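Tertiary structure, described
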Amino acid sequence: MDPRGSNSSMLHCKTWQYTRVWIPDPDEVWRSAELTKDYKDGDESLQLRLEDDTILDYPIDVQNNQVPFLRNPDILVGENDLTALSHLHEPAVLHNLKVRFLESNHIYTYCGIVLVAINPYEQLPIYGQDVIYAYSGQNMGDMDPHIFAVAEEAYKQMARDEKNQSIIVSGESGAGKTVSAKYAMRYFATVGGSASDTNIEEKVLASSPIMEAIGNAKTTRNDNSSRFGKYIEIGFDKKYHIIGANMRTYLLEKSRVVFQADDERNYHIFYQLCAAASLPEFKELALTCAEDFFYTAHGGNTTIEGVDDAEDFEKTRQALTLLGVRESHQISIFKIIASILHLGSVEIQAERDGDSCSISPQDEHLSNFCRLLGIEHSQMEHWLCHRKLVTTSETYVKTMSLQQVVNARNALAKHIYAQLFSWIVEHINKALQTSLKQHSFIGVLDIYGFETFEINSFEQFCINYANEKLQQQFNSHVFKLEQEEYMKEQIPWTLIDFYDNQPCIDLIEAKLGILDLLDEECKVPKGTDQNWAQKLYERHSNSQHFQKPRMSNTAFIVIHFADKVEYLSDGFLEKNRDTVYEEQINILKASKFPLVADLFRDDKDSVPATNTAKSRSSSKINVRSSRPLMKAPNKEHKKSVGYQFRTSLNLLMETLNATTPHYVRCIKPNDEKLPFHFDPKRAVQQLRACGVLETIRISAAGYPSRWTYHDFFNRYRVLMKKRELANTTDKKNICKSVLESLIKDPDKFQFGRTKIFFRAGQVAYLEKLRADKFREATIMIQKTVRGWLQRVKYRRLRAATLTLQRFCRGYLARRLTEHLRRTRAAIVFQKQYRMLKARRAYCRVRRAAVIIQSYTRAMCVRRSYRQVLTEHKATIIQKYARGWMARRHFQRQRDAAIVIQCAFRRLKARQALKALKIEARSAEHLKRLNVGMENKVVQLQRKIDDQNKEFKTLSEQLSAVTSTHAMEVEKLKKELARYQQNQEADPSLQLQEEVQSLRTELQKAHSERRVLEDTHNRENGELRKRVADLEHENALLKDEKEHLNNQILRQSKAESSQSSVEENLLIKKELEEERSRYQNLVKEYSQLEQRYENLRDEQTPGHRKNPSNQSSLESDSNYPSISTSEIGDTEDALQQVELQKRVRELEQERKKLQVQLEKEQQDSKKVQVEQQNNGLDVDQDADIAYNSLKRQELESENKKLKNDLNELRKAVADQAMQDNSTHSSPDSYSLLLNQLKLANEELEVRKEEVLILRTQIMNADQRRLSGKNMEPNINARTSWPNSEKHVDQEDAIEAYHGVCQTNSQTEDWGYLNEDGELGLAYQGLKQVARLLEAQLQAQNLKHEEEVEHLKAQVEAMKEEMDKQQQTFCQTLLLSPEAQVEFGVQQEISRLTNENLDFKELVEKLEKNEKKLKKQLKIYMKKVQDLEAAQALAQSDRRHHELTRQVTVQRKEKDFQGMLEYHKEDEALLIRNLVTDLKPQMLSGTVPCLPAYILYMCIRHADYTNDDLKVHSLLSSTINGIKKVLKKHNEDFEMTSFWLSNTCRLLHCLKQYSGDEGFMTQNTAKQNEHCLKNFDLTEYRQVLSDLSIQIYQQLIKIAEGLLQPMIVSAMLENESIQGLSGVRPTGYRKRSSSMVDGENSYCLEAIIRQMNFFHTVLCDQGLDPEIILQVFKQLFYMINAVTLNNLLLRKDACSWSTGMQLRYNISQLEEWLRGKNLQQSGAVQTMEPLIQAAQLLQLKKKTQEDAEAICSLCTSLSTQQIVKILNLYTPLNEFEERVTVSFIRTIQAQLQERSDPQQLLLDSKHMFPVLFPFNPSALTMDSIHIPACLNLEFLNEV
C-alpha cells in the first residue's frame, strides 16, 4: 500500500488555501511549499508559494498518484518518535530528523522500534554516569530517545520475560556504530555490575581498545572505521549481574594489511607500534617511523588529527594486561606485528628471463622477519620465490614470476595477521569466560551497513549479503509487532504488503546461486573470474534481482533492497580461495617461538576473521541450533571464505531469531565529518538503506496514530458538545460518538480495547478542527473583551468630564472668596502696622535711657570693689610668708633629732641580733622547744610496756597451740619427705629468692627513680630556657602583631566587613568540603566493611568471627585492655600496648610539669614585682631547700621501709615453715599487710606535714633575714598542721637552723635513738595527736550543727510569735463571740497540723521498719550464703560481703544514676537493649532511653575504674548496632531509632566527659554524673563515624521510598486539573516495558510520605538540627530527580508543566512552613527547579526576554538553560517554539559564565552531615527503666 494514495485522498478533502505540502527538489531532496489558492477537482496543477516567496505552478496527476505530500502541523514537528507524525512519508521523516538534529541538537530519534542515531561528529556530555542512572529503571517512552533507553529496555525485558535479548547496531562506515555499541556495553557494565570481585564488566569494556587497535582503521569516511563485524554476548546470572561475555567476529578485511587507498591507513596497531618503537623493550623489533614501511605508507598520510598513537598504544597494553595476557605473550604479539611490516618491505628482484625472482641474502627486512618469528632465513628466502607442485607421481619445485612472488608474500602477510587476530579474539573470550552458570544474555551486534562504491569487490558483496539477511529479519520482526498490536487491541487485521527480499537472498545463497557458482569455479584447476562471470550471466539472466551491465563482460549487478550495486568480478576467486602456500606455512610451524608455532600448527578450517564453532564450544554463552542449516559437501567448501561466511551468518541469524531484537540505525549526516551539518541527500540514502523508511511505510499502511481513550478525551474535549458529555460518563462511548460525527469515513479509524487507531493524516485533521474551535472561541472572547473595554472607556471619559466641571466651578467660587478675605485682611494689616511702628519708636527711646543709667552705676561699684580686694590680698601674702619661715625652722631641728635616734637604735639592734644568734645555737633553746615531750615519752613507754605484756601472753597461747599440733606435724613429716624429694628447692629457699628478687626490683626502681629525677631536672632546665625564649619571641611577635593590626585597621576600615564575610564564607565552604570528604571516606569505609563481611559470610557460612572493627576499636581506646578477640595475640603486642600506655603517661606528666613550671614562673614574676615595690632583696633558695629536705626525707623513709619489709618477710617465712597446715597464717599475714598499709598511709601524711612545717620555717627565716632594715618586732602567728599551738617565729627559726645542722652532720636522725624507741614514741604520739584532732573536729562539726539547728528553731519560734501577735491583735478588734469562735478555729488548725506531723512521722517510721526488715532478710540470706561458701578463701569472702552490703545500702539510700551488671550479663544486656529491641516497645517512654541506660552502665564501669568493662561494653554496643542496621537495612523506623540513640549516646559522652566546653549548660546534679577516670574521646570519634553511617543509610532508605513517586507526582500528575494538554504519542508510549496498571502518584503521596518521616524522626527524639539536614537532603533529591527528568523529556518541557511545577513547589514550601522546617535550607536546594519552572513560563522572543532569563536563572548552568529551551514544546497552535536565534542570543550572553560541563544534577550527591552538641536536661537518677526491656539483672547504684 502506497502512502501517496492516502495523501491523494486527503488532498481531495482538504481543498483550502494555505495548505502546506512537500515537493521534490534536486538539491534538498524535498522542499516545503504552500497553496496560494484552493484546489478544485479536475485541476492539473497547483499554485504554490515556496519559502523564498517564489510562485510555482506544480503539475499533478491524481490518477497516477503524482500528488505532493502533505506537511504535518507545526505542533508535531520535532517529535521524539517518527511514528507519532500524522502524515507518515519520507519528507516528513527527513524534516523531523533535520529539525531535531540542527535546531535542538538531538542526535537520537525513535522510529517505532528503531532508534535512529545521527553522528554529531562532536563529543556531547550525554553519556556520563549521571545520565546512566537517570535512564536506569525508566520506561522507554518516558524519557528522550537515547542509546541508554534501548539498553535499559533490553535489560528490563530480559529480567521480566527471562528471554535473551539482542541489540543490532548497523550503519555506514563513519555513522557511529562502534561508539553506539560501546555505550550500550558501558550501560550494561554500570547497571548490571559484577556478581563477584572478578570485575568482568571492566574486562568487557577493556576488550574495546584491543579490538579497535587490531580491527579498526582510518578510511575516507571515518577515522576509526571497524573493518570487521562483531557480536558480543554479555552473560548474566539469575540476579542479572554480569558473569561473563563472548565475542564472535565476521569477515575481517585482510586486504587492508597489504593495500590502502589514498588518504587511508592500515590497522591502528601498526602505527601505534611504530610510535612506541623508541621504548627500550621494543628495540629488538627494529622499527622506525610508519613512513619507512611499505604496508603503512600506501595511503600517504600516516597520522590522524587529534589522535596520539603512542598514548593509544599504552591503553592497548593496559587492556591486554587487564584481560590476563602475560607480558611475554604481549611481546610475542608485537613481534609478529612488526614482522609483518618487515615482510612487506622485503625487496624482490626479477631475473632477466622474467619467470623467476630472487631476494638478496643481505636484505635487512627479511633478516628481521625471520629473527622476530624464529624461523630459518635460508628456507624462507627460498620458498618466497619458489613453489612446490605435487602430482600423482612426482613433486616439482617451480620458480615464480615477480607478480606471483608479490602476491604470495601479500597472502602470507594477510594470513599471519588473520591468524593473530583470531588468536587474540580467542584469548579475549577465555578472559571473559566464567565458571558460573549463565541464566540469560544480551547480545550487541556491531556490523557493517550497506555499502556501495565506484568499484565494489568481494568484501562489499559479503557485507551487502549480510545486510540483506538482517533486513529480512528486521522486516519480519516489525510486521510481527504490528500484528501483535492489532490482535491485542482486537482490531480487524488486514494483510499488509511489505517488501520481501527472500528472492535476492536466494539469488546469493541458494543452490547454484552466486556463492555456489563461485565455490565451483574455485575448484576448477584453471578457473578465472571471467569464466565465473559468464556462468552467472547464463544462470541468472532471467532473475529480477540480477542484471548484466551493458558495457562490461566482467561485472554484474545485484538489485538489493536498498539500491542497485555493480560488482567487478576481478579478484573474487582469489579472495574466496584465500590461498597460502603450504611450504611457507610449514616454515612458520617450525618456529622456535611457541606462540608462532601455535598459530599455524593446528588445522583451523574456519575463516581467520571468524570465531566459529570451536570458540563457541569453549564459551558457555552461546545459542546453538538443534540442526545445522547446511552441511559441507567436501573439504574444499570448508576452506572457502564465502562458505564459511555464509555458515557463520546463518548461525548469527539463528541467534538473533532466538532473542528479542532491538535496533539502532546509525546515520552519517555528511561526508566531510563536520559537526552538526546535515546533508539531506546522504541522509535519505541511508534512511532508505537501513530500513527506517520501510518501517514508516508499514506503519503508514495500517493505523500509525494511536491514542488511549483517556488521552483522546483530554486532548479533544473541546470538540465535544455539552449534551454529549452530560448524557454519559463513559469516556469510551463519548470518544466513539464524537469520532463518528467528526470523521464520516469509518475506515479512517478503529476502536481497540484500550486505544483508538487512526489512519495517516487523521490526527492532523483532528488537530485542524481543534485549532479552528480554539480560533472561533478566541475570536468570540476577543470580540466580547473589546466591547467591554470600549464601554469601560466611555464610562471613564464621562465620569472624568463630570468631575472636571465640578472642580472648575468650585475653583471659581473659592477664588472669589479668597479675594474678599484678602481685602479685609489688608485693612487689618495697615492698622496693626501703624500701631506697631509708633510703639517701636517709644520703646527705643526708653531703652536708651535705661542703658545709660545702668552703665554709670556699674562703674561706681567696680571702683569701690577693686580697692577692697587689693587690701585683702596684701593681708593674705603676709600671713603665708610668716608661717613658712616658722615651719622651716622646726623641720631643721626635727631632722637632726631623727638622725641621732636612728644611729642609736641601729647599734642596739645589732647587739640584740648577735645575742639571739648565740642563743639559737645553744642547747637550752632546744630544751625549751621540747618542754612537755618527756612526759609524753614516758606515757608512750608505759603504753608500749602494756602492749609487750599483751604480746607475751599472745605468744604463749600461740606456742601452746603449736605444741598441740607438733605431733600431727611429726606424723606428716615422713609423707612430706617423699614429696619434698621431688621438689627442686626448699620453700624457705623460694621465699629467700623471692625476697632477693624484690630487693633487686626495689633497687631497679630506685635507679629508675634517680634517672627520672635527672631527666626531670634536665627537662625542667630545658623547659625554663625554652619558655624564656618563647616569651621573648612572643613579646616580639605581639609587638609586631600590634603594629600590623594598627596598620591593617588604618588601611582597610572600609573593606573590613566585606572581607570578613567573604573569609567566613570561604572558611565555611572549606569546612563543608572537608566534612564531606571525611564523611565520604566514612561511607566508603562502611561499604568496604560491609563488603568484607559479606565475603567472609560467603567463605565461611558456618563460622562467625568477631567483627572487623573490634580490633580497631581496641586500638583506638585510651586504655589498652584484653578482650575476647585479643586472647590469641602475642606477647609483643601486649608489650607494645604497655609501652604506648607508658608513653601517654609520660606525655601527660611532661605537660603537667610544663604547666607547673609556667605557674612557678608566674609566681616568681609576682614576687619580683613585690620585691621591687618594697625595695627588698629576698633569697631565692626556698625551692632548693625544700627539694633537698624532701629528698633527704624520702631517702630516710626508703631505708626504713626496706628494713621493715625485710623483717616482715622473714617473720612471715619463719611462721609459714612452722605452721603449714594451720588456717591462722593467712589471717595473720593479711593482718600484717593491713597494718603495713595503714602505716604507709600514716607515713605519707606525716611526711607531708613535716615538709610543710620545714617550708614554713624556711620562709619565716627568709622573711626575717629580709627584714634587716625594718623593726625586729615579728608578731606573726604560724598555724601548724593538726594543732592549735602557737609558736614564736624566732624559736621556729632557731629550730630550723638546728635541724639543718643535724642534717649536715648525719643523713638521718637515727643516731638519737639507736634502739628506735624515740622513733616509735614519736609515731605513737602522732597517732594520738591525729586521733585527738579528729575527735575535736568531729565535736566542732557537731557543735556547729547543733548551733545551726537551735538558730533555726529560734527563727521558727520568732515567726510563730509574730503570727500569734498578729492574730492576737486581730482578735482584740473582734466581738467576744467572734473571739471565741476564732480561738476555737485556731486550736482546731493547730491540732490538725500536729496530727499531720504525727502521721508523717508514723509513715517515716513504717518505711524505716520495712527498710530494716528488708535489710535483715538480705543479711540473713547473705549469712546463709556465707555458711554455704566456707570452702572459699576468707579474704575473698569478706571482700565480697563488704561489696554487696555497701551496694545494697546505697541502692536503698539514694540512686546515683549508675547501673551495675555482671560481666557475664553483658551479652544479655546487648541482646535485650540493642539486637532484639523494637522501637514500638518504647513508645510513651523517654526518647533515646537505650542511650541513657548504656551511659549509666558505662558510668558505673568508670566509677569502679574497670577499663576492660568499658571497652567491652562500648565495642559490643557498636557491633550490635551495626548488626541491627545490617539486618533492617530497609526499615526507616529502625534506622532512625538507632540514629537518635547513637547521637544521644554521643552527646552523653560529651556532656559528662568533664570537659568544660561541654558542661556550660549542666546543672550541679548533672556535673556529679560526669566520668571520673576515663577519657573516651576516641570512642566519641567512633560513635560519630557510626552516626554518619546510620545517617547515610537513613537517607538511602528515604530516597528509595520517595524516588518512585517523584517523577509521577511532580511532572506527570495534574495537580491543577485541565491545565496540561496531551500531545500525540508514538509507538514508544506502548513500549513492552510498560506494565499495565502501573502505579501513578500524586503530590499528596509525597507529602504523606514526608509526614511519616517527620513524625517518626520527632517521636524518636532525633535532634532538630539533624532533622533539618535530613529534609534538606530529601528535597535536594526531589529537585535533582525532577530536574534531570525534565532535562531528558521533551514532552515535559511546556508552559503547563511549568505551571504545575510552580504549584507543586509551593505546596512543598507550605509543608515546610507548616512543619517549621524553613530554616533547613531545603527551599534553597529547590532553587534550580524553581528557576526551570519559571523559565518554561517566561516569554522567549526579544532581547529583553533573553536578559531577563539570564538574570533570573542563576542556579541553572548554561547547558541546562539551552537544553530546556531546545526541549520547549508548545502544546497548542497558539504557542510558539523557541527560535534558534533566541537560543544563540542566550548562549552569547551566558558564555562568560564558568559553569560545570555536567548537564544533569548528581542525584546521588549527599551533603556532609553535622552533629551539633545537644545536651540533655534529664539527670541520670530521674530515668525509669520499664519492665518490658527485661533488664532485671541491672542493679541501681
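Residues numbered from 1 in each chain as written. Predicted model: local features only at pLDDT ≥ 70, side-chain atom pairs only at ≥ 80, totals over all residues. Heavy atoms only, no water.

**Quick look at the pairing of strand β7 (residues 114–118)**
To keep it simple, the criterion reads: A 1.4 Å probe rolled over the protein chains alone gives each residue an accessible area, and that area as a share of the maximum for its type sets the label: buried under 20%, exposed over 50%, partly exposed in between. The helix count covers DSSP runs of H or I at least four residues long, the strand count covers runs of E at least two residues long, and both are numbered beginning at the N terminus. Note on pairing: two strands pair once DSSP finds at least 2 bridges between them.
Among the 5 residues in β7, 5 count as buried, and that is most of the element. Summarising the sheet, strand β6 (residues 108–111) and β7 pair through 4 bridges and their orientation is antiparallel. Within the sheet, the bridge partner assigned to Tyr110 lies in β7 and is Leu115. Taking the residues that link successive antiparallel strands as the turn, the β6-β7 hairpin has 2 residues, and the phi of Gly112 there is positive, at about 70 degrees. Sheet topology note: the β7/strand β21 (residues 660–667) ladder contains 5 bridges and is parallel. Paired with Leu115 across the strands is Val664, a residue of β21.

**Details of the environment of Ile375**
Test applied: By definition in these notes, contact holds between two residues if any of their heavy atoms fall within 4.5 Å.
As for its position among the elements, Ile375 is in the loop between α10 (364–373) and α11 (377–383). What makes Ile375 buried here is its relative accessible area of 10%. With residues up to four places along the chain from it excluded, the contact list for Ile375 reads Phe369, Cys370, Met380, Ile587, Leu588 and Ser591.

**A closer look at the sheet that holds strand β20 (residues 564–568)**
On the basis of which strands lie adjacent, the open sheet formed by 3 strands has the order β18-β19-β20 and antiparallel pairing. Since the sheet does not close on itself, it has two edges, and those belong to β18 (546–547) and β20, each with one partner. Pairing of β18 with strand β19 (residues 555–559) involves 2 bridges; the strand directions are antiparallel. Looking at the pairing, Phe546 lines up with Val558 of β19.

**What about helix α18 (residues 582–589)?**
The set of residues buried in α18 consists of Glu583, Gln584, Ile585, Ile587 and Leu588. Summarising the contacts, the buried residues of α18 are in contact with α10, α11, β15 (386–390), α12 (402–432) and α19 (594–601).

**Structural notes on the state of the cysteines**
Put plainly, two cysteines are in a disulfide when a covalent bond ties their sulfur atoms together. What counts, and what does not: For the purposes of this analysis, a disulfide is any pair of cysteine sulfur atoms at a distance within 2.5 Å.
Across all of its chains, the model carries 0 disulfides by this definition. Among the cysteines around Cys385, which has no disulfide bond, Cys357 carries the closest sulfur, lying 6.1 Å off. The thiol of Cys1753 is not disulfide-bonded; the next cysteine sulfur, from Cys1750, is found 8.0 Å away.

**Quick word on the sheet that holds strand β23 (residues 749–751)**
Quick note on the threshold: The axes used here are C-alpha line fits, helices contributing only the stretch in contact, and every angle between their N-to-C directions lies in the interval 0 to 180 degrees.
Sheet architecture is open: 3 strands sit in the order β22-β24-β23, paired in antiparallel fashion. Looking along the sheet, the strands with just one partner apiece sit at the ends: β22 (705–708) and β23. Each strand of the sheet is rotated relative to its neighbour by a mean of 20 degrees, with strand direction disregarded. Here 3 bridges tie β23 to strand β24 (residues 755–758), and the two strands are oriented antiparallel to one another. Its bridge partner being in β24, Phe751 is matched across the sheet by Ile756. Helix α27 (residues 731–742) contacts β23 and β24 of the sheet and is inclined by roughly 160 degrees relative to β23.

**Brief notes about the confidence of the model for the protein chain**
Quick reminder of the rule: pLDDT gives the predictor's per-residue confidence on a scale running from 0 to 100.
Summary statistics for the protein chain give a mean pLDDT of 77 and a share of 77% for residues scoring 70 or more. Scored below 50 in pLDDT, residues 1–14 shows 35 contacts in the model against residues more than four places distant or in partner chains. Across residues 1220–1229, confidence stays below pLDDT 50; counting only partners more than four residues off in sequence or on other chains, it has 4 contacts.

**Brief notes about a nonpolar patch on the surface**
The test is simple: Exposure above 30% relative accessible area and no salt bridge define the residues that can form patches, which grow by joining like charges within 9 Å and nonpolar side chains of Val, Leu, Ile, Met, Phe, Trp and Tyr within 5 Å. Surface accessibility in these figures is a Shrake-Rupley result with a 1.4 Å probe; residues are shielded only by whichever protein chains are displayed. Put simply, a salt bridge is a Lys or Arg side-chain nitrogen that is within 4 Å of an Asp or Glu carboxyl oxygen.
On the surface, a nonpolar cluster with roughly 400 Å² of combined accessible area is contributed by Ile781, Val785, Trp788 and Leu789. Within the secondary structure, Ile781 sits in helix α28 (residues 762–921). The exposed category is assigned to Ile781, whose relative accessible area is 53%.

**A closer look at the packing of helix α43 (residues 1489–1503) against helix α45 (residues 1532–1551)**
Spelled out, the test is: Helix crossings get a hand from a simple test, with the near helix turned counterclockwise from the far one by less than a right angle marking a left-handed crossing and a clockwise turn marking a right-handed one.
Where α43 meets α45, the axes come as close as 8 Å, and the angle between the chain directions of the two elements is 35 degrees. Every pair of crossing elements has a handedness; the one defined by α43 and α45 is right-handed. Contacts between α43 and α45 involve Leu1489, Pro1490, Ala1491, Tyr1492, Leu1494, Tyr1495 and Ile1498 from the first element and Phe1537, Trp1538, Asn1541, Arg1544, Leu1545, Cys1548 and Leu1549 from the second.

**What about the packing of aromatic side chains?**
Formally: Two rings belonging to Phe, Tyr or Trp (six-membered ring only in the last case) form a pair when the distance between their centres is within 6.5 Å. Interplanar angles under 30 degrees mark stacking, angles over 60 mark edge-to-face geometry, and anything in between is tilted.
Following the criterion strictly, the structure yields 39 aromatic pairs and no others. Between the aromatic rings of Phe282 and Phe334, the centroid separation amounts to 5.5 Å while the plane-to-plane angle is 85 degrees, which identifies the pairing as edge-to-face. Within this pair, whereas Phe282 is found in the loop between α7 (268–275) and α8 (309–322), its partner Phe334 is found in helix α9 (residues 327–344), the two being separated by 52 residues in sequence. The same class applies to Phe282 as to Phe334, namely buried. An angle of 55 degrees between the planes, with centres 6.0 Å apart, marks the rings of Phe1652 and Phe1653 as tilted. Cluster of aromatic residues (ring-pair linked, three or more members): Phe458, Phe461, Trp532, Tyr537, Phe546, Phe556, Tyr567 and Phe572.

**So, unusual backbone geometry**
We note that Leu512 has phi near 60 degrees; this positive angle belongs to a residue other than glycine. Along the polypeptide, Leu512 turns up in the loop between α14 (502–509) and α15 (514–523). Owing to a relative accessible area of 26%, Leu512 belongs among the partly exposed residues under this scheme. We note that Cys1488 has phi near 60 degrees; this positive angle belongs to a residue other than glycine. Position of Cys1488 relative to the elements: it lies in the loop between α42 (1466–1475) and α43. Among the residues examined, Cys1488 registers a relative accessible area of 6% and is labelled buried.

**Here we look at the packing of α7 against α8**
For clarity, the cut-off: When an angle is under 35 degrees it counts as roughly parallel; over 145 it counts as roughly antiparallel; between 65 and 115 it counts as roughly perpendicular; any other value is oblique.
Where α7 meets α8, the closest approach of the two axes is 8 Å, and the angle between their N-to-C directions is 105 degrees. With respect to α8, the axis of α7 lies roughly perpendicular. On the side of α7, the interface is formed by Ile269, Tyr271, Gln272, Leu273 and Ala275, while α8 contributes Asp309, Ala310, Asp312, Phe313 and Thr316.

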